Amino acid sequence: MKKLLILLITLLTPFEIAYGEVVRNYGHPTVYKTIYFKAGEKDANKILYEFAMQEMLENNVAANNQPDNVLAYKVDLDDDGINEIIGVVFGREYVAGSTGYSLFILKKYGNKYRDLSLTAFWPWNDFIILKKKVKGFHVIEVHCPDGNTRYLKYNNTYYDYD
């Protein structure tokens, strides 16, 4: 019985069960990480919330958002050892029409963040970061509500759909 229990633990150890986490993708050669947009990571949520509030202040937009309207995760998209912040802010200021919400990809430069994304995103779908890179950043696979798959690629300035 003890050997069976050890075998079970050994077999299950490489797998991670995620609820709103960034997940390693064992056994899938083309995937770097997957994000399930469910709860966000507390510190990533805080960074994106503060960024969005500052952006609204700078653009003279009424700041209606609350910290719990943010869903963000940390992922190192360019393998430089510093996590980028990927997420959405649920608020009318960030609705991109019928295409979803504005996607934020924040990269830290010094002690400030800059948004590397000019795209809309559907946060109710998986967000798959591929091992493949373009211009030094991982390509992001997005599954759209219409059933299509689209790819976000970095173009030396920002991420955009190809």
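Scroll up for the structure.
Heads up: these notes are all about the structure in this document. Just so you know, these numbers come straight off a predicted model, no measurement behind them.

**A closer look at the side chain of Asn45**
Stage number 1. Summarising the element assignment, Asn45 is placed in helix 2 (residues 42–58).
Stage number 2. For Asn45, a relative accessible area of 12% gives the class buried.
Stage number 3. A distance of 2.6 Å separates a polar side-chain atom of Asn45 from the backbone nitrogen of Ala72.
Stage number 4. Not counting residues within four places of it along the chain, the set of residues in contact with Asn45 comprises Ala39, Gly40, Val70, Leu71 and Ala72.

**Things to note about the side chain of Glu141**
Stage number 1. Mapped onto the fold, Glu141 is located in strand 9 (residues 137–143).
Stage number 2. Lys132 is the oppositely charged side chain nearest to the buried, salt-bridge-free Glu141, at an N-O distance of 10 Å.
Stage number 3. Here the side chain of Glu141 touches His143 through a polar contact of 2.8 Å, side chain to side chain.
Stage number 4. Residue contacts for Glu141: discarding those within four places in its chain leaves Asp126, Phe127, Ile128, Leu130, Thr149, Arg150 and Tyr151.

**Observations regarding the packing of aromatic side chains**
Given two aromatic rings, their pairing is described by the distance between the two centres and the angle made by the two planes.
Stage number 1. Overall, the coordinates contain 7 aromatic pairs when judged by the stated rule.
Stage number 2. Measuring from centroid to centroid gives 6.1 Å for Trp122 and Tyr161, while their planes differ by 45°, and the two rings are tilted. With Trp122 in the loop between strand 7 (120–121) and strand 8 (127–134) and Tyr161 in strand 11 (residues 159–161), the pair connects residues that are 39 residues apart, well separated along the chain.
Stage number 3. Looking at Trp122, the relative accessible area reads 8%, which means it is buried.
Stage number 4. Following the ring pairs from residue to residue traces out a cluster consisting of Phe137, Tyr154 and Tyr159.
Stage number 5. Sitting over the ring of Tyr109, Lys107 keeps its end group 5.8 Å from the ring centre.

What counts, and where the lines are drawn
- Residues numbered from 1 in each chain as written.
- Predicted model: local features only at pLDDT ≥ 70, side-chain atom pairs only at ≥ 80, totals over all residues.
- Heavy atoms only, no water.
- Helix = DSSP H or I, 4+ residues; strand = E, 2+ residues; numbered from the N terminus.
- Buried < 20%, exposed > 50% of the residue type's maximum accessible area, 1.4 Å probe, protein only.
- Polar contact = N/O pair within 3.5 Å; in protein donor to acceptor, adjacent residues only side chain to side chain.
- Contact = heavy atoms within 4.5 Å.
- Lys, Arg positive; Asp, Glu negative; His and termini not counted.
- Salt bridge = Lys/Arg side-chain N within 4 Å of Asp/Glu carboxyl O.
- Phe/Tyr/Trp six-rings, centres within 6.5 Å; stacked < 30°, edge-to-face > 60°.
- Lys NZ or Arg CZ within 6 Å of the ring centre and 35° of its normal.

Spatial relationships are all this shows, so hold off on functional conclusions.
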